[in-house]
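# A structural walkthrough
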Amino acid sequence: MDVALAEGYIPSIHSRILEVGAGSGRVVDYLLNHSYQSVAALERSRNVTTLQSRYADAVSDGRLRIHASDLDQFRSYEPYDVVLWLFCSITDFSSQEQCEMLHILSCNLNPGGEIIVDLPQGCTNGMDIHGQEHLIEEEGMPTYHGFVATIDEMNEYRHELSFRRLSGRPYTTFTGPERALFIFSGLVHAAEKALALV
Ligand SMILES: C[S@@+](CC[C@H](N)C(=O)[O-])C[C@H]1O[C@@H](n2cnc3c(N)ncnc32)[C@H](O)[C@@H]1O
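An account of the accompanying structure is given in this report. Source: prediction; values computed, not measured.

### Quick word on the sheet that holds strand 3 (residues 64-68)
Judged by pairing direction, the sheet is mixed, and its seven strands sit side by side in the order 3-2-1-4-5-11-10 without closing on themselves. If you trace the sheet from one side to the other, it starts and ends with strand 3 and strand 10 (163-172), each paired once. Recorded for the sheet is a direction-independent mean angle of 20° between the axes of neighbouring strands. Pairing between strand 2 (residues 39-43) and strand 3: five bridges, direction parallel. Bridging across to strand 3, Val 39 finds its partner in Leu 64.

What follows is the structure, given as structure tokens:
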């Protein structure tokens, strides 16, 4: 559902697409099956080995590139047209980290490129988590904090990162929860900013 909606923002099958936190390949699978020719998957966990073996053919024919890296270390010399950060994965980070991670992604974006972020909306599990820090419990893992940004906070990121536009596309998942895709676009690049100051 989320990938099909996000697909509406991908200009062509030749667009250079980066998926952040590719996991075991749900989104990669969709993109490759829909003929996208230039997909990059960033993943820091051991899922990377699953991606490497499952998509060996797409890697060898150049349609898929797998980056085994943490997002906070990620640097690419091949800027992207579209960055997908789906499955509400951004909420695993604190507010400050979200802005830092979006900054890293914006540094890897082509002029005219866009970053698409998925976020929960309204009530989830009977609790209004909008704009609140929430605890993420994982068995055998330390408990840590995540953050669900409000629309105003998303706009603060937009301003901080020098994107001209932020648009939202609400949707309901097949299992019921309300979510929205947020699309950052119109990045003002450093050279433009410098000119504006002259
Ligand atoms: C909820 S899964 C989403 C999987 C897939 N994108 C999807 O939509 O089905 C989030 C993934 O992000 C990865 N991840 C979390 N933090 C990351 C980071 N800092 N750098 C790279 N990957 C990260 C996790 O290992 C996990 O595989």
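Having seen the structure, we can now continue with the description.
### Quick look at the site of the ligand
Taken together, 17 residues form the shell around the ligand, and within it Gly 21, Gly 23, Arg 26, Arg 44 and Phe 87 come nearest. Counting only elements with at least two residues in the shell around the ligand, the list comes to helix 2 (26-33) and strand 2. Looking at the shell around the ligand, its residues break down into six nonpolar, five polar and six charged.

### What about the environment of Glu 114?
Tracing the chain through its elements places Glu 114 in strand 5 (residues 109-120). Residues Glu 114 and Leu 84, spaced 30 residues apart in sequence, show a C-alpha to C-alpha distance of 8.7 Å.

### Some remarks on the nonpolar core
Nonpolar side chains tend toward joint burial in soluble globular proteins. In terms of nonpolar packing, the biggest core is built from 44 residues, with Val 83 and Leu 84 touching the most fellow members. Once you skip the residues sitting within four places of it in the chain, Val 83 turns out to touch Leu 18, Val 20, Leu 105, Leu 109, Ile 115 and Ile 116.

### Points about the environment of Glu 100
Note on placement: Glu 100 falls in helix 5 (residues 95-106). Its 14 C-beta neighbours within 10 Å are what place Glu 100 among the partly exposed residues. Spatially, the C-alpha atoms of Glu 100 and Leu 161 are 9.2 Å apart, while their sequence positions differ by 61 residues.

### A word on unusual backbone geometry
Even without a glycine there, the phi angle at Ser 35 is positive, about 70°. Here Ser 35 shows up in the loop between helix 2 and strand 2. Positive phi is not limited to glycine here, since Ser 162 has a value of about 65°. With respect to the helices, strands and loops of the structure, Ser 162 is situated in the loop between helix 6 (151-161) and strand 10. According to the C-beta neighbour criterion, Ser 162 is partly exposed, with 16 such atoms within 10 Å.

### Notes on the pairing of strand 5
Bridge analysis of strand 4 (residues 80-85) against strand 5 gives five bridges, and the strand direction is parallel. Bridging from a neighbouring strand, Tyr 80 pairs with Leu 109 of strand 5. What joins strand 4 to strand 5 is helix 5, and the crossover it makes is right-handed. Relative to strand 11 (residues 178-187), strand 5 runs antiparallel, the two sharing seven bridges. Residue pairing for strand 11: Val 117 is matched across the bridge by Phe 182.

Conventions used here
- Residues numbered from 1 in each chain as written.
- Predicted model: local features only at pLDDT ≥ 70, side-chain atom pairs only at ≥ 80, totals over all residues.
- Pairing = 2+ DSSP bridges.
- Helix = DSSP H or I, 4+ residues; strand = E, 2+ residues; numbered from the N terminus.
- Axes fitted to C-alpha atoms, helices over the stretch in contact; angles between N-to-C directions.
- Near = placed C-beta within 6 Å.
- Nonpolar A, V, L, I, M, F, W, Y, C, P; charged D, E, K, R; others polar.
- Core = buried A, V, L, I, M, F, W, Y, C linked by C-beta atoms within 7 Å.
- Buried ≥ 20, exposed ≤ 12 C-beta atoms within 10 Å, placed from the backbone.
- Contact = placed C-beta atoms within 7 Å.
- Right-handed = clockwise from strand over helix to strand, strands pointing away.

Function-wise, these values are silent; they only describe arrangement.
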